[in-house]
Amino acid sequence: VKHPSKPMRAIVMCTTCRYSAEEKFGPDGRSGGETLIAHMRAAMQERGQTDLGLQTQACLWNCTRHCSVIFRDDERFGYVTGGHAPERAQAEAILVWFDLHGASATGEVPFRTWPERMRGHFIARIPPAKP
């Protein structure tokens, strides 16, 4: 008997992305990816979203569009994004967008509802893997 499983949704963040076009590391010695991840974890904690799937991956091969973030979902469209600032406000915009994504049956979020800080960051839309 096959038991229904909970849909797999996750935000995948690159640990090795540059801090800026000029600098690999920020003032505290962390990469841009590590800095954005730290902001994301703090924002998740503040919002009580500690069960949200946050995964990290070294190098997502999107170096020209650092900091890279993937929205992964096995039932909805997934997305590859980049060019995120390693800042708290960006982490919060990512979380708001991912909430909107999760509320959508297909993973398609109307552009008019996107946080301003999410505009211009989308690179590719990936259809869900269907067996």
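Before reading on, note that the structure itself is shown above.
Quick notes on the rules
Residues numbered from 1 in each chain as written. Predicted model: local features only at pLDDT ≥ 70, side-chain atom pairs only at ≥ 80, totals over all residues. Heavy atoms only, no water. Disulfide = S-S within 2.5 Å. Pairing = 2+ DSSP bridges. Helix = DSSP H or I, 4+ residues; strand = E, 2+ residues; numbered from the N terminus. Expected span 1.5 Å × (residues − 1). Contact = heavy atoms within 4.5 Å. Phe/Tyr/Trp six-rings, centres within 6.5 Å; stacked < 30°, edge-to-face > 60°. Buried < 20%, exposed > 50% of the residue type's maximum accessible area, 1.4 Å probe, protein only.

Undergrad: Explain the state of the cysteines to me, please; I cannot follow it from the model alone.
TA: When the sulfur atoms of two cysteines share a covalent bond, that bond is a disulfide. Under the criterion given, the structure shown has zero disulfides. For the unlinked cysteine Cys14, the closest cysteine sulfur is that of Cys17, found at 3.4 Å. This cysteine, Cys63, is not joined by any disulfide, and Cys59 carries the nearest cysteine sulfur, 4.1 Å off.

Undergrad: Would you mind going over the pairing of strand S4 (residues 78–81) with me for this structure?
TA: The side chains of a regular strand alternate, first on one face of the sheet and then on the other. In terms of strand pairing, strand S3 (residues 69–73) meets S4 through three bridges, oriented antiparallel. Residue pairing across strands places Val69 opposite Thr81, the latter belonging to S4. Taking the residues between adjacent antiparallel strands as the criterion, S3 and S4 are bridged by four residues. Across four bridges, S4 lies against strand S5 (residues 122–126) in antiparallel orientation.

Undergrad: Whenever I open this one, helix H2 (residues 88–103) confuses me. Can you help?
TA: The α-helix winds at 3.6 residues per turn, so residues separated by three or four positions along the chain end up facing the same way. Between its first and last C-alpha atoms H2 spans 23 Å; for 16 residues at 1.5 Å apiece the expected length is 22 Å, and the two agree. Looking at the buried side of H2, the elements it contacts are strand S1 (9–14), helix H1 (32–47), S3, S4 and S5.

Undergrad: Would you mind going over the packing of aromatic side chains with me for this structure?
TA: The relation between two aromatic rings is expressed through the spacing of the ring centres and the mutual angle of the planes. The final tally for this structure, using the stated rule, is nine aromatic pairs. An angle of 20° between the planes, with centres 6.3 Å apart, marks the rings of Phe71 and Phe122 as stacked. Here Phe122 lies in strand S5 and Phe71 lies in strand S3, a separation of 51 residues in the sequence. Classification of Phe71 by relative accessible area gives buried; the value is 1%. Look at Trp97 and Trp114: their rings are 6.2 Å apart centre to centre, the planes differ by 85°, and that puts the pair in the edge-to-face class. Of the two residues, Trp97 sits in helix H2 while Trp114 sits in the loop between H2 and S5, which places them 17 residues apart along the sequence.

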